Amino acid sequence: MNFYSIDFETASYAKHSACSVALVKVENNKIVDEYYSLIKPETDFFWKNIQVHGIKPEDVADAPKFPEVWKQIQGCFKANSLVVAHNAPFDCGVLAGCLDYYGIDQPNYLSLCTVKTSRKLFPEMPNHKLNTVCENLDIQLNNHHDALEDSRACAEILLYQEKHFGVEPLKKLVTIK
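As the structure is a computational prediction, the values presented were derived from the model and not from experiment.

Caption draft 1: Highlighting unusual backbone geometry. Within the chain, Asn28 stands out as a residue other than glycine whose phi angle is a positive 50 degrees. Tracing the chain through its elements places Asn28 in the loop between strand 2 (18–27) and strand 3 (30–38). Overall, Asn28 belongs to the exposed group, its relative accessible area being 61%. The backbone of His145 shows a phi angle near 80 degrees, a positive value even though the residue is not glycine. As for its placement among the helices and strands, His145 is situated in the loop between helix 5 (130–137) and helix 6 (147–165).

As structure tokens, this is what we get:
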């Protein structure tokens, strides 16, 4: 399989408040590249978000704003690119929100949510949160809510699913963005 897994952390509930992003590139079922950046959002930080991921306003004071980060990652979002996230509606929504906020055209790409694939393939799990799925599949997740750790774990989940169930049940859950 070839895909990118993505994870955003946000400063607040605003869809354009991305404060970090990570992408993991998978080619031929192997992780071959990783990208991580803090992002300086043009929103205030909400204390609850800081409590979740630990990123504070001072951490992003010198970070690039989203348009600068987008220049580095936009090549991952093409019509034939598969972009995977654990809770893809959230991460794809943050991407769309940031692009809208800055007046940047929305890309067309393929999306797959590993929460949905996990619900379908592992209905017996007590829930399908990232840490629960990782624990049940023996996938390492050392620092949950670190965008790079979460993105890497998401990639490993999809690779596990493909190895044990093949691509057919996964293809049925791919959406076009």
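Anyway, onward from the coordinates.
Caption draft 2: The arrangement of the sheet that holds strand 1 (residues 3–10) in detail. Spatial strand order, 3-2-1-4-5-6: six strands in an open sheet with mixed pairing. Pairing within the sheet leaves two strands with one partner each, and these edge strands are strand 3 and strand 6 (175–176). Looking at chain direction, strand 1 and strand 4 (residues 82–85) are connected through two bridges and run parallel. Paired with Tyr4 across the strands is Val83, a residue of strand 4. Contacts from helix 4 (residues 114–121) reach strand 4 and strand 5 (110–113), with the element oriented near 50 degrees to strand 5. Most of the contacts of helix 6 go to strand 1, to which it runs at about 145 degrees, and overall it touches strand 1, strand 2, strand 3, strand 4 and strand 5.

Caption draft 3: Molecular detail of the packing of helix 4 against helix 6. Where helix 4 contacts helix 6, the axes come no closer than 10 Å and their chain directions differ by 35 degrees. In the crossing of helix 4 with helix 6, the sense of the turn from one axis to the other is left-handed. Across from Thr114, Thr117, Ser118 and Leu121 in helix 4, the residues of helix 6 making contact are Cys154, Ile157, Leu158, Gln161 and Phe165. Class assignment for the residues of the contact of helix 4 with helix 6 results in five nonpolar, four polar and no charged.

Caption draft 4: Fine view of the state of the cysteines. Counted under the stated rule, the structure contains zero disulfides. Cys76 takes part in no disulfide bond, and the closest cysteine sulfur to it belongs to Cys92, at a distance of 13 Å. Relative accessible area serves as the criterion here: at 12%, Cys76 is assigned to the buried category. As a non-bridged cysteine, Cys154 has Cys113 as the owner of its nearest cysteine sulfur, 8.0 Å distant. Cys154 gets classed as buried once you look at its relative accessible area, which sits at 1%.

Caption draft 5: Quick peek at helix 2 (residues 66–73). Taken together, the buried positions of helix 2 are occupied by Phe66, Val69, Trp70 and Ile73. Projected down its long axis, helix 2 shows its buried positions confined to an angular sector of 105 degrees, all on one face. Exposed side of helix 2, more than 90 degrees from the buried face: Lys71 and Gln72 are the residues found there. Of the surrounding secondary structure, the elements contacted by the buried residues of helix 2 are strand 1, strand 2, strand 3 and helix 3 (88–101).

Caption draft 6: Summary view of helix 4. Those residues of helix 4 not exposed but buried are Thr114, Val115, Thr117, Ser118 and Leu121. Around the axis of helix 4, the buried residues are gathered within 165 degrees of arc, so they sit on the same side. More than 90 degrees from the buried face of helix 4, the exposed residues found are Arg119 and Lys120. The secondary structure elements touched by the buried residues of helix 4 are strand 4, strand 5, helix 5, helix 6 and helix 7 (168–171).

About the criteria used
Residues numbered from 1 in each chain as written. Predicted model: local features only at pLDDT ≥ 70, side-chain atom pairs only at ≥ 80, totals over all residues. Heavy atoms only, no water. Helix = DSSP H or I, 4+ residues; strand = E, 2+ residues; numbered from the N terminus. Buried < 20%, exposed > 50% of the residue type's maximum accessible area, 1.4 Å probe, protein only. Pairing = 2+ DSSP bridges. Contact = heavy atoms within 4.5 Å. Axes fitted to C-alpha atoms, helices over the stretch in contact; angles between N-to-C directions. Left-handed = near helix turned anticlockwise from the far one by under 90°. Nonpolar A, V, L, I, M, F, W, Y, C, P; charged D, E, K, R; others polar. Disulfide = S-S within 2.5 Å. Arc of directions from axis to C-beta.

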